Amino acid sequence: MTAKRLENIKEYYFSQKLREIEQLNKEGKNIINLGIGSPDLPPHPDVVKVLYEEAQKANVHGYQSYKGSPILRKAIADWYLKWYNVIIDFNTEVLPLMGSKEGIMHICMTYLNEDDEVLVPNPGYPTYASNVSLTGAKMVAYNLTETNNWYPDFEAIEKLDLSKVKLMFVNYPQMPTGQAASEDLFQQIVKFGQKHNILIIHDNPYSFILNDKPLSIMSVNGAKEVVIELNSLSKSHNMAGWRIGMLIAKEERINEILKFKSNMDSGMFLPLQLAAAKALSLGADWHEEVNKVYKARREKVYELLDILQCTYSKEQTGMFMWAKIPAKYKNGYELADDILYNAHVFITPGSIFGSEGDNYIRISLCGSIEKFAEAINRINNL
Ligand SMILES: Cc1ncc(COP(=O)(O)O)c(C=O)c1O
(Lines give C-alpha, C1' and ligand atoms only; values in the text may rest on other atoms or scores of the structure.)
Protein backbone atom coordinates (compact mmCIF):
# COMPACT_ATOMS: atom_id res chain seq x y z
CA MET A 1 0.00 0.00 0.00
CA THR A 2 2.63 2.57 1.01
CA ALA A 3 5.17 4.01 -1.41
CA LYS A 4 8.43 2.21 -2.08
CA ARG A 5 10.37 5.10 -0.57
CA LEU A 6 9.04 4.16 2.88
CA GLU A 7 10.40 0.62 2.68
CA ASN A 8 13.79 1.47 4.14
CA ILE A 9 12.44 3.86 6.76
CA LYS A 10 11.86 2.65 10.27
CA GLU A 11 9.54 4.33 12.70
CA TYR A 12 11.50 6.97 14.61
CA TYR A 13 12.99 5.23 17.69
CA PHE A 14 11.52 7.78 20.08
CA SER A 15 8.03 7.49 18.64
CA GLN A 16 8.11 3.74 19.26
CA LYS A 17 9.76 4.02 22.68
CA LEU A 18 7.39 6.74 23.88
CA ARG A 19 4.50 4.36 23.16
CA GLU A 20 6.16 1.77 25.38
CA ILE A 21 6.78 4.37 28.09
CA GLU A 22 3.12 5.41 27.89
CA GLN A 23 2.11 1.80 28.42
CA LEU A 24 4.49 1.45 31.40
CA ASN A 25 3.04 4.66 32.86
CA LYS A 26 -0.48 3.28 32.46
CA GLU A 27 0.72 0.34 34.55
CA GLY A 28 1.69 2.90 37.22
CA LYS A 29 5.47 2.79 36.66
CA ASN A 30 5.91 6.61 36.57
CA ILE A 31 8.87 6.56 34.18
CA ILE A 32 11.39 9.41 34.43
CA ASN A 33 12.23 10.34 30.85
CA LEU A 34 15.84 11.53 30.45
CA GLY A 35 15.79 10.74 26.75
CA ILE A 36 14.43 13.58 24.73
CA GLY A 37 16.08 16.94 24.06
CA SER A 38 13.03 19.15 24.21
CA PRO A 39 13.77 22.22 26.35
CA ASP A 40 11.50 22.30 29.40
CA LEU A 41 12.32 25.95 30.23
CA PRO A 42 10.10 28.68 28.76
CA PRO A 43 11.16 31.26 26.18
CA HIS A 44 11.87 34.81 27.39
CA PRO A 45 8.57 36.46 28.52
CA ASP A 46 9.03 39.33 26.04
CA VAL A 47 8.98 36.79 23.21
CA VAL A 48 5.66 35.36 24.37
CA LYS A 49 4.37 38.92 24.77
CA VAL A 50 5.12 39.78 21.14
CA LEU A 51 3.31 36.65 19.97
CA TYR A 52 0.32 37.47 22.18
CA GLU A 53 0.11 41.12 21.14
CA GLU A 54 0.65 40.51 17.45
CA ALA A 55 -1.90 37.69 17.33
CA GLN A 56 -4.63 40.11 18.53
CA LYS A 57 -4.26 42.23 15.40
CA ALA A 58 -6.79 41.75 12.63
CA ASN A 59 -4.42 41.85 9.68
CA VAL A 60 -1.81 39.23 10.60
CA HIS A 61 -3.72 36.04 9.85
CA GLY A 62 -3.26 35.67 6.14
CA TYR A 63 -0.74 33.69 4.09
CA GLN A 64 2.79 34.98 4.39
CA SER A 65 5.69 35.38 2.02
CA TYR A 66 7.42 32.13 1.00
CA LYS A 67 10.74 33.83 1.78
CA GLY A 68 9.69 34.84 5.30
CA SER A 69 9.01 38.27 6.78
CA PRO A 70 11.79 40.82 6.07
CA ILE A 71 11.67 41.67 9.79
CA LEU A 72 12.63 38.11 10.72
CA ARG A 73 15.20 37.83 7.92
CA LYS A 74 16.83 41.06 9.06
CA ALA A 75 16.80 39.84 12.69
CA ILE A 76 18.52 36.63 11.55
CA ALA A 77 21.19 38.57 9.64
CA ASP A 78 21.78 40.86 12.66
CA TRP A 79 22.03 37.80 14.91
CA TYR A 80 24.62 36.19 12.62
CA LEU A 81 26.69 39.36 12.66
CA LYS A 82 26.43 39.89 16.43
CA TRP A 83 27.20 36.35 17.56
CA TYR A 84 29.10 34.69 14.73
CA ASN A 85 30.69 37.73 13.10
CA VAL A 86 29.27 36.63 9.75
CA ILE A 87 27.87 39.08 7.23
CA ILE A 88 24.84 37.82 5.34
CA ASP A 89 22.44 39.68 3.08
CA PHE A 90 19.01 39.44 4.69
CA ASN A 91 17.30 39.95 1.33
CA THR A 92 18.97 37.12 -0.51
CA GLU A 93 20.95 34.80 1.79
CA VAL A 94 18.44 33.85 4.53
CA LEU A 95 15.47 31.51 4.42
CA PRO A 96 13.36 31.13 7.59
CA LEU A 97 12.27 27.53 8.22
CA MET A 98 9.74 25.73 10.37
CA GLY A 99 12.56 24.19 12.39
CA SER A 100 15.88 23.04 11.00
CA LYS A 101 14.52 19.49 10.68
CA GLU A 102 12.36 20.46 7.71
CA GLY A 103 15.39 22.16 6.15
CA ILE A 104 17.15 18.79 6.01
CA MET A 105 14.28 17.38 3.95
CA HIS A 106 14.11 20.44 1.69
CA ILE A 107 17.82 20.15 0.96
CA CYS A 108 17.59 16.43 0.19
CA MET A 109 14.58 16.95 -2.09
CA THR A 110 16.25 19.88 -3.84
CA TYR A 111 19.60 18.27 -4.60
CA LEU A 112 19.42 14.48 -4.60
CA ASN A 113 18.77 12.03 -7.39
CA GLU A 114 18.59 8.28 -6.96
CA ASP A 115 22.18 7.68 -8.01
CA ASP A 116 23.66 10.27 -5.70
CA GLU A 117 25.53 9.52 -2.49
CA VAL A 118 25.63 11.50 0.74
CA LEU A 119 28.19 11.47 3.55
CA VAL A 120 26.42 11.14 6.89
CA PRO A 121 28.04 11.12 10.36
CA ASN A 122 28.04 7.94 12.45
CA PRO A 123 27.01 8.65 15.19
CA GLY A 124 24.71 11.49 14.14
CA TYR A 125 21.17 12.86 14.06
CA PRO A 126 19.06 10.03 12.55
CA THR A 127 17.06 12.43 10.35
CA TYR A 128 20.02 12.91 7.96
CA ALA A 129 20.05 9.23 7.00
CA SER A 130 16.28 8.82 6.84
CA ASN A 131 15.78 11.89 4.66
CA VAL A 132 18.55 10.83 2.29
CA SER A 133 16.90 7.44 2.06
CA LEU A 134 13.47 8.99 1.37
CA THR A 135 14.85 10.60 -1.77
CA GLY A 136 16.22 7.26 -2.98
CA ALA A 137 19.83 8.46 -2.73
CA LYS A 138 22.44 6.40 -0.89
CA MET A 139 23.90 7.22 2.47
CA VAL A 140 27.62 6.70 2.99
CA ALA A 141 28.42 6.75 6.70
CA TYR A 142 31.64 8.37 7.88
CA ASN A 143 32.74 7.30 11.32
CA LEU A 144 33.35 9.64 14.22
CA THR A 145 35.37 8.14 17.04
CA GLU A 146 36.42 9.21 20.50
CA THR A 147 40.09 8.79 19.56
CA ASN A 148 39.64 11.31 16.76
CA ASN A 149 37.78 13.73 19.06
CA TRP A 150 34.56 12.89 17.21
CA TYR A 151 35.90 14.85 14.24
CA PRO A 152 35.69 13.50 10.67
CA ASP A 153 38.78 11.52 9.71
CA PHE A 154 39.34 13.18 6.33
CA GLU A 155 42.18 10.83 5.44
CA ALA A 156 39.87 7.84 5.85
CA ILE A 157 37.04 9.58 4.00
CA GLU A 158 39.33 10.38 1.07
CA LYS A 159 40.09 6.67 0.69
CA LEU A 160 36.40 6.12 -0.19
CA ASP A 161 35.11 6.47 -3.75
CA LEU A 162 33.72 9.99 -3.58
CA SER A 163 32.78 10.24 -7.26
CA LYS A 164 29.04 10.01 -6.61
CA VAL A 165 29.00 12.00 -3.36
CA LYS A 166 26.99 15.19 -3.76
CA LEU A 167 26.33 16.28 -0.16
CA MET A 168 27.97 15.89 3.23
CA PHE A 169 26.15 16.46 6.52
CA VAL A 170 28.22 17.85 9.40
CA ASN A 171 27.05 19.05 12.79
CA TYR A 172 29.20 20.83 15.42
CA PRO A 173 28.57 21.17 18.34
CA GLN A 174 27.93 17.55 17.55
CA MET A 175 24.85 15.64 18.58
CA PRO A 176 24.99 13.13 20.25
CA THR A 177 28.67 13.32 21.26
CA GLY A 178 28.70 16.92 22.53
CA GLN A 179 31.95 17.61 20.69
CA ALA A 180 32.45 21.35 20.23
CA ALA A 181 33.32 23.00 16.93
CA SER A 182 36.63 24.75 16.26
CA GLU A 183 37.69 27.28 13.65
CA ASP A 184 40.30 24.85 12.43
CA LEU A 185 37.75 22.07 11.99
CA PHE A 186 35.43 24.34 10.03
CA GLN A 187 38.32 25.35 7.76
CA GLN A 188 39.12 21.69 7.09
CA ILE A 189 35.49 20.93 6.28
CA VAL A 190 35.22 23.84 3.82
CA LYS A 191 38.52 22.81 2.21
CA PHE A 192 37.24 19.26 1.84
CA GLY A 193 34.01 20.49 0.18
CA GLN A 194 35.96 22.70 -2.21
CA LYS A 195 38.46 19.99 -3.11
CA HIS A 196 35.85 17.34 -3.91
CA ASN A 197 33.06 19.59 -5.16
CA ILE A 198 30.75 18.37 -2.38
CA LEU A 199 28.01 20.60 -0.99
CA ILE A 200 28.46 20.77 2.79
CA ILE A 201 25.36 20.95 4.97
CA HIS A 202 26.30 22.23 8.39
CA ASP A 203 23.62 21.77 11.05
CA ASN A 204 24.21 24.21 13.91
CA PRO A 205 21.34 24.11 16.44
CA TYR A 206 23.45 23.71 19.60
CA SER A 207 25.99 26.54 19.45
CA PHE A 208 24.48 28.50 22.35
CA ILE A 209 24.10 25.67 24.84
CA LEU A 210 26.96 25.14 27.30
CA ASN A 211 29.27 26.69 24.76
CA ASP A 212 31.16 29.87 25.52
CA LYS A 213 31.90 30.83 21.96
CA PRO A 214 29.20 30.21 19.35
CA LEU A 215 30.77 29.51 15.96
CA SER A 216 29.34 29.38 12.46
CA ILE A 217 31.05 27.57 9.61
CA MET A 218 30.00 30.56 7.48
CA SER A 219 32.81 32.54 9.14
CA VAL A 220 35.36 30.58 7.08
CA ASN A 221 36.58 32.42 3.98
CA GLY A 222 34.84 31.08 0.88
CA ALA A 223 32.33 29.01 2.89
CA LYS A 224 29.28 30.40 1.08
CA GLU A 225 30.50 28.79 -2.15
CA VAL A 226 30.24 25.26 -0.77
CA VAL A 227 28.18 25.37 2.44
CA ILE A 228 24.55 25.63 3.49
CA GLU A 229 24.10 26.21 7.22
CA LEU A 230 20.99 25.27 9.17
CA ASN A 231 20.25 26.95 12.47
CA SER A 232 17.39 26.94 14.93
CA LEU A 233 15.70 28.68 17.84
CA SER A 234 14.52 25.37 19.28
CA LYS A 235 17.35 24.93 21.78
CA SER A 236 19.00 28.36 21.95
CA HIS A 237 15.73 30.14 22.80
CA ASN A 238 13.66 27.32 24.35
CA MET A 239 11.25 27.39 21.41
CA ALA A 240 11.30 23.81 20.08
CA GLY A 241 7.51 23.62 19.74
CA TRP A 242 7.29 26.94 17.91
CA ARG A 243 9.08 25.40 14.92
CA ILE A 244 11.44 28.21 13.94
CA GLY A 245 14.69 27.62 12.17
CA MET A 246 16.68 29.11 9.34
CA LEU A 247 18.83 28.28 6.38
CA ILE A 248 21.83 30.42 5.45
CA ALA A 249 23.34 30.11 1.99
CA LYS A 250 24.25 32.10 -1.06
CA GLU A 251 21.39 33.49 -3.15
CA GLU A 252 21.55 30.81 -5.83
CA ARG A 253 21.15 28.02 -3.23
CA ILE A 254 18.28 29.83 -1.49
CA ASN A 255 16.41 30.12 -4.79
CA GLU A 256 17.00 26.46 -5.62
CA ILE A 257 15.63 25.38 -2.25
CA LEU A 258 12.70 27.80 -2.49
CA LYS A 259 11.69 26.14 -5.73
CA PHE A 260 10.97 23.01 -3.69
CA LYS A 261 9.88 24.58 -0.39
CA SER A 262 7.34 26.97 -1.96
CA ASN A 263 5.53 23.88 -3.18
CA MET A 264 5.47 22.43 0.33
CA ASP A 265 4.18 25.20 2.60
CA SER A 266 2.79 28.71 2.46
CA GLY A 267 4.89 30.64 4.94
CA MET A 268 4.79 30.92 8.74
CA PHE A 269 2.23 32.69 10.90
CA LEU A 270 3.41 36.32 11.06
CA PRO A 271 3.14 36.76 14.88
CA LEU A 272 5.45 33.72 15.27
CA GLN A 273 7.98 35.32 12.94
CA LEU A 274 7.84 38.63 14.80
CA ALA A 275 8.22 36.90 18.16
CA ALA A 276 11.19 34.96 16.77
CA ALA A 277 12.77 38.26 15.70
CA LYS A 278 12.37 39.44 19.29
CA ALA A 279 14.03 36.26 20.58
CA LEU A 280 17.00 36.78 18.30
CA SER A 281 17.53 40.26 19.72
CA LEU A 282 18.03 38.97 23.28
CA GLY A 283 21.38 39.69 24.89
CA ALA A 284 24.11 37.60 26.49
CA ASP A 285 22.26 37.68 29.83
CA TRP A 286 19.50 35.47 28.35
CA HIS A 287 21.96 32.78 27.26
CA GLU A 288 23.88 33.02 30.55
CA GLU A 289 20.70 32.45 32.52
CA VAL A 290 19.71 29.41 30.47
CA ASN A 291 23.21 27.97 30.66
CA LYS A 292 23.35 28.43 34.43
CA VAL A 293 20.40 26.06 34.71
CA TYR A 294 21.98 23.50 32.36
CA LYS A 295 25.29 23.68 34.26
CA ALA A 296 23.59 22.85 37.56
CA ARG A 297 21.74 19.95 35.94
CA ARG A 298 24.92 18.68 34.34
CA GLU A 299 26.46 18.28 37.82
CA LYS A 300 23.59 15.92 38.71
CA VAL A 301 24.06 14.01 35.47
CA TYR A 302 27.77 13.53 36.29
CA GLU A 303 26.62 12.01 39.57
CA LEU A 304 24.17 9.72 37.80
CA LEU A 305 26.76 8.61 35.25
CA ASP A 306 29.27 7.87 38.01
CA ILE A 307 26.76 5.56 39.69
CA LEU A 308 26.27 3.79 36.36
CA GLN A 309 30.10 3.50 36.10
CA CYS A 310 30.08 5.30 32.77
CA THR A 311 33.03 7.38 31.56
CA TYR A 312 32.63 10.75 29.88
CA SER A 313 34.26 14.03 28.93
CA LYS A 314 33.43 17.15 30.92
CA GLU A 315 34.17 19.32 27.90
CA GLN A 316 30.87 18.59 26.16
CA THR A 317 28.62 21.23 24.62
CA GLY A 318 24.91 21.08 23.79
CA MET A 319 22.02 19.82 25.89
CA PHE A 320 23.04 16.20 26.35
CA MET A 321 25.70 14.17 28.10
CA TRP A 322 27.30 11.41 26.03
CA ALA A 323 28.95 8.66 28.02
CA LYS A 324 30.69 5.33 27.48
CA ILE A 325 29.05 2.38 29.19
CA PRO A 326 30.92 -0.03 31.49
CA ALA A 327 32.07 -3.37 30.02
CA LYS A 328 29.46 -5.38 31.95
CA TYR A 329 26.84 -4.28 29.39
CA LYS A 330 26.92 -5.66 25.85
CA ASN A 331 25.75 -2.33 24.42
CA GLY A 332 23.80 0.82 25.21
CA TYR A 333 20.46 -0.90 24.52
CA GLU A 334 21.18 -3.40 27.29
CA LEU A 335 21.98 -0.65 29.78
CA ALA A 336 18.99 1.44 28.72
CA ASP A 337 16.58 -1.50 29.05
CA ASP A 338 18.05 -2.51 32.42
CA ILE A 339 17.55 1.01 33.75
CA LEU A 340 14.12 1.43 32.14
CA TYR A 341 12.63 -1.83 33.41
CA ASN A 342 14.31 -1.90 36.82
CA ALA A 343 14.72 1.76 37.81
CA HIS A 344 11.94 3.19 35.62
CA VAL A 345 14.29 5.77 34.15
CA PHE A 346 14.53 6.19 30.38
CA ILE A 347 17.99 6.89 28.93
CA THR A 348 18.77 6.93 25.21
CA PRO A 349 21.01 4.11 23.89
CA GLY A 350 23.80 5.46 21.67
CA SER A 351 23.16 2.90 18.91
CA ILE A 352 20.16 4.81 17.61
CA PHE A 353 22.63 7.41 16.32
CA GLY A 354 24.67 4.82 14.43
CA SER A 355 26.90 1.81 15.13
CA GLU A 356 29.75 3.99 16.47
CA GLY A 357 27.39 4.80 19.33
CA ASP A 358 26.92 1.15 20.34
CA ASN A 359 28.88 1.43 23.55
CA TYR A 360 27.46 4.77 24.62
CA ILE A 361 24.36 6.31 26.11
CA ARG A 362 22.98 9.83 25.91
CA ILE A 363 21.27 11.68 28.74
CA SER A 364 19.23 14.81 28.10
CA LEU A 365 19.68 17.87 30.32
CA CYS A 366 16.03 18.81 29.77
CA GLY A 367 14.76 17.91 33.21
CA SER A 368 14.55 19.56 36.62
CA ILE A 369 17.19 19.01 39.32
CA GLU A 370 14.48 17.18 41.30
CA LYS A 371 13.91 14.81 38.41
CA PHE A 372 17.64 14.00 38.21
CA ALA A 373 17.78 13.57 41.99
CA GLU A 374 14.88 11.11 41.85
CA ALA A 375 16.53 9.23 38.95
CA ILE A 376 19.77 9.00 40.99
CA ASN A 377 17.79 7.75 43.95
CA ARG A 378 16.07 5.02 41.93
CA ILE A 379 19.29 3.86 40.24
CA ASN A 380 21.12 3.86 43.60
CA ASN A 381 18.46 1.56 44.99
CA LEU A 382 18.85 -1.05 42.26
C1 LIG B 1 21.43 17.72 15.35
C2 LIG B 1 20.04 18.20 15.25
N3 LIG B 1 19.67 18.87 14.16
C4 LIG B 1 18.42 19.33 14.01
C5 LIG B 1 17.46 19.13 14.99
C6 LIG B 1 16.07 19.63 14.74
O7 LIG B 1 15.83 20.83 15.35
P8 LIG B 1 14.59 21.75 14.97
O9 LIG B 1 13.75 21.79 16.19
O10 LIG B 1 15.18 23.09 14.61
O11 LIG B 1 13.89 21.14 13.81
C12 LIG B 1 17.79 18.44 16.14
C13 LIG B 1 16.76 18.19 17.16
O14 LIG B 1 16.82 17.40 18.02
C15 LIG B 1 19.11 17.96 16.29
O16 LIG B 1 19.50 17.29 17.38
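Here the structure is a predicted model, which means the values were calculated and not measured.

Engineer: Residue-level account of the overall build of the protein, with values.
Structural biologist: Regarding its fold elements, the protein presents 13 helices and 12 strands. For 382 residues, the compact-globule estimate of 2.2 N^0.38 gives 21 Å, and the C-alpha radius of gyration of the protein, at 21 Å, lies within 12% of that figure. When the backbone C-alpha atoms are referred to their principal axes, the protein occupies close to 60 × 55 × 50 Å. Considering the protein as a whole, with its 382 residues, one finds that 55% of them fall into the buried category.

Engineer: Summarise the pairing of strand β4 (residues 138-143); cite the residues concerned and give the values.
Structural biologist: On a regular strand, each side chain points to the face opposite its neighbour's, so the side chains alternate between the two faces of the sheet. Both strand β3 (residues 117-122) and β4 contribute to a ladder of six bridges, which runs parallel. Note that in β4 the partner of E117 across the bridge is K138. In this view, the connection linking β3 to its parallel neighbour β4 by way of helix α5 (residues 126-134) has right-handed handedness.

Engineer: Which residues make up the layout of surface pockets, and what values do they have?
Structural biologist: Picture a little ball the size of a water molecule; that probe, rolled over the atoms, points out where space is still empty. Roughly 790 Å³ of volume is contained in the largest pocket. In this structure, the largest pocket is lined by 31 residues; those nearest its centre are K10, P126, A129, S130 and I352. Elements with a contribution of two residues or more to the lining of the largest pocket: α1 (13-26), β3, α5 and β4. Per element, the largest residue contribution to the lining of the largest pocket is eight residues, and it comes from α5. A per-class count over the lining of the largest pocket returns 17 nonpolar, 10 polar and four charged. Residue assignment places the lining of the largest pocket across two domains, with domain 1 (4-42 + 285-380) and domain 2 (45-280) each supplying three or more. Of the voids in this model, the second largest pocket is the one considered here, and its volume is about 520 Å³. Lining the second largest pocket we find 24 residues, and of these Y12, G37, Y125, Y206 and K235 sit closest to its centre. Elements that contribute at least two residues to the lining of the second largest pocket include exactly α4 (100-111) and α5. Classifying every residue of the lining of the second largest pocket by side-chain character gives 12 nonpolar, seven polar and five charged.

Engineer: Hey, could you go over the packing of aromatic side chains for me, with residue numbers and the actual values?
Structural biologist: Under the definition given, this model contains 19 aromatic pairs. Aromatic pair W79 and F208: ring centres 5.3 Å apart, planes at 20 degrees, arrangement stacked. Of this pair, W79 sits in helix α3 (residues 70-84) while F208 is found in the loop between β6 (199-203) and α8 (223-226), placing the two residues 129 residues apart along the sequence. Here W79 and F208 have matching classes, each one buried.

Engineer: Give me the UniProt feature "domain: Aminotransferase class I/classII large" (unreviewed entry) in the protein: which residues, what numbers.
Structural biologist: According to UniProt, the "domain: Aminotransferase class I/classII large" (unreviewed entry) feature falls on residues 30-379. Segment residues 30-379 splits into 40% helix and 15% strand. End C-alpha atoms: 14 Å apart.

Engineer: Can you break down the site of the ligand residue by residue, with the values?
Structural biologist: Residues in contact with the ligand amount to 14 residues; listed here are only the nearest, S100, D203, Y206, S232 and S234. Within the backbone of K101, an N or O atom sits 2.8 Å from an oxygen atom of the ligand. Contact distances for the ligand include 2.7 Å between an oxygen atom and a side-chain N or O atom of S232. In isolation the ligand exposes 400 Å². Once the protein is present, 91% of that is buried. Of all the cavities here, the one that holds the ligand is the second largest pocket. Taken together, the residues that form the shell around the ligand break down as five nonpolar, five polar and four charged.

Engineer: Could you give me a rundown of the packing of α3 against helix α10 (residues 270-280), with the residues and numbers involved?
Structural biologist: One way to put it is that α3 packs onto α10 with a least axis distance of 9 Å and a crossing angle of 20 degrees. Between α3 and α10, the crossing angle belongs to the class labelled roughly parallel. Considering the relative orientation of α3 and α10, their crossing is left-handed. Counted together, I71, L72, A75, I76 and W79 of α3 and Q273, L274, A276, A277 and L280 of α10 form the full contact between these two elements. When grouped by side-chain class, the residues that make up the contact of α3 with α10 number nine nonpolar, one polar and no charged.

Engineer: Can you lay out the pairing of strand β5 (residues 165-170) for me, pointing to particular residues and giving the numbers?
Structural biologist: Counting buried positions along β5 gives five out of six residues, so the element sits mostly inside the fold. When β3 meets β5, the two strands line up parallel, connected through three bridges. Bridging from a neighbouring strand, V118 pairs with L167 of β5. The sheet contact formed by β5 and β6 spans four bridges and is parallel. Looking at β6, one finds that V170 is bridged to H202. In this fold, β5 hands off to helix α7 (residues 183-196), which returns the chain to β6; that crossover is right-handed.

Rules of the game
- Residues numbered from 1 in each chain as written.
- Predicted model: local features only at pLDDT ≥ 70, side-chain atom pairs only at ≥ 80, totals over all residues.
- Heavy atoms only, no water.
- Helix = DSSP H or I, 4+ residues; strand = E, 2+ residues; numbered from the N terminus.
- Rg over C-alpha atoms; globule rule 2.2 N^0.38 Å.
- Buried < 20%, exposed > 50% of the residue type's maximum accessible area, 1.4 Å probe, protein only.
- Pairing = 2+ DSSP bridges.
- Right-handed = clockwise from strand over helix to strand, strands pointing away.
- 1 Å grid on protein atoms, 1.4 Å probe; cavity = no way out; pocket = protein on both sides within 12 Å on 5 of 7 lines; lining within 4 Å.
- Points joined across faces, edges and corners; volume = space filled by probe spheres on them.
- Nonpolar A, V, L, I, M, F, W, Y, C, P; charged D, E, K, R; others polar.
- Domains from an automatic or database assignment.
- Phe/Tyr/Trp six-rings, centres within 6.5 Å; stacked < 30°, edge-to-face > 60°.
- UniProt positions renumbered as here; feature names shortened; annotations may be inferred.
- Near = heavy atom within 4 Å.
- Polar contact = N/O pair within 3.5 Å; in protein donor to acceptor, adjacent residues only side chain to side chain.
- Areas by Shrake-Rupley, 256 points an atom, 1.4 Å probe, with all protein chains shown as cover.
- Sits in = over half its atoms within 2 Å of the grid points.
- Axes fitted to C-alpha atoms, helices over the stretch in contact; angles between N-to-C directions.
- Parallel < 35°, antiparallel > 145°, perpendicular 65-115°, else oblique.
- Left-handed = near helix turned anticlockwise from the far one by under 90°.
- Contact = heavy atoms within 4.5 Å.

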